Amino acid sequence: MTHALNIVWNPSEGIDLGFFVIRFYSLMFVIAFGLGWYIMKNIFERENESLEKLDSLFIWIVLSTLIGARLGHVLFYDWEYFRNHLLEIFLPFRFSPNFEFTGYQGLASHGAAISIIIAMYYFSKKILKKPLIWILDRIVIPVSSGAVFVRLGNFFNSEIVGKETTSSFGIRFIRDQFSPRDAVNATQIANPKEAYHAIATNPQFANLLQQIPAKHPAQLYEAFCYIFVFAILFFLYWKTEAREKSGYLFGLFLVLLWSVRFVVEYVKESQGGFESALGLFSTGQWLSIPFILIGLYFVFTAEKPVHL
C-alpha cells in the first residue's frame, strides 16, 4: 500500500510589500490575462488585424470572464444561498450571520466559457467585423493557457481540492480543513496567519495537524493537463493549416479541455450544485458534457473555406 507524502500546504496569502499584499490568486489572473494578451497580439499581427481591436478584445475578455465565472458559480452551484443574499453576488462581503469581508469566493469556469462566447459574438459583430467562429478559433489558445494559471491560483487558495487519498500524491490542505476562525479558536492565537503557521510547524498542535487528511491536489492535475491542451492548440495554429478549417480549433478546445475537467472531477470533492438531484455524475461533469458534444460537432464538420 502506498502512503501519502507528508506535504503540508499552508502558503502565504501573497507577496507582502508592506503597504500592500499581492495575493497569489490575483497574481495568477494577472499573469493569465497578460500572457493571453501577448499571445493574441502575435496572432493579430500574423492575421494583419489592427492592434487597436486587440485592446478592445482584452477588455471584453476580462469582463466576460469575471462576470460569467461569478454568475456561473451563483446559478450552477449555490443558487439556494444567493437567492436570499442577492447583494453578495457582486459584493465581496457576507452580511449574515455577521458582517465579514470574504473577497470573491466562487468562480465557475463553465459560466466563464458561456459568457466569453456571448461576448465574442458582440465583439466579432460590432468591432472585429469577422465571423464569430474566426475569433473563437483563435481566442481558445490564450484561454487554454490562462486555465493553467487559474488552477494554480486555486491551489494557492487551497480551494477546489480533491478527495481523500492514501496515494503518494496526497497533500494536507490546512486552509481547507480549518477556516480562519477555526484556526484561531483551535490554537487560541488571535492572528489567523500565525495560527495556520502554528498548526503546520508547532509540535504543540500536532494533534490538529493529524486531523487534516491528505487529499488529491486536483487543481494541479487540471493545470498540468491544460498545459498539453494549450500546447496542442498552439502547435496546430502556428505549425499546421488547422487554423484554415473553420471551427476546428474551437471544437478541439472544447473536447480537450472539458474532457480533462470531466475526468479530474472523479477525484474532486463535491462542489455542490444539482448533482444530488441527477446522480451518476458531479455537477461539473454534467455541465462539461454539452461542451464536449458541441466540440465534437465542430471538429467533424470543420471545413476549409473555398477560395474562388
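Structure: above.
Residues numbered from 1 in each chain as written. Predicted model: local features only at pLDDT ≥ 70, side-chain atom pairs only at ≥ 80, totals over all residues. Heavy atoms only, no water.

Draft legend 1. Looking closely at the overall build of the protein. Along its length, the protein carries 13 helices and seven strands. When each of the 308 residues of the protein is scored for burial, the buried share is 44%. Within the protein, counting contacts between residues at least 6 apart in sequence, those at least 24 apart form 69% of the total. Accessible surface for the protein amounts to roughly 16,600 Å². Of this, 65% is attributable to carbon and sulfur atoms. (Helix = DSSP H or I, 4+ residues; strand = E, 2+ residues; numbered from the N terminus. Buried < 20%, exposed > 50% of the residue type's maximum accessible area, 1.4 Å probe, protein only. Contact = heavy atoms within 4.5 Å. Areas by Shrake-Rupley, 256 points an atom, 1.4 Å probe, with all protein chains shown as cover.)

Draft legend 2. Spotlight on the environment of Leu 27. Note on placement: Leu 27 falls in helix α1 (residues 24–46). The spacing of Leu 27 and Ile 15 is twelve residues in sequence and 9.4 Å in space, taken between C-alpha atoms. Excluding anything up to four places from it in sequence, Leu 27 contacts Ile 15 and Ile 22.

Draft legend 3. Quick peek at the sheet that holds strand β7 (residues 214–215). What the three strands build is an open sheet, ordered β1-β6-β7; its pairing is mixed. Edge strands, defined here as strands with exactly one partner in the open sheet, are β1 (8–9) and β7. As judged from the two bridges shared by β1 and strand β6 (residues 171–173), these two strands associate in the parallel manner. Along β6, the bridge assignment pairs Trp 9 with Phe 173. (Pairing = 2+ DSSP bridges.)

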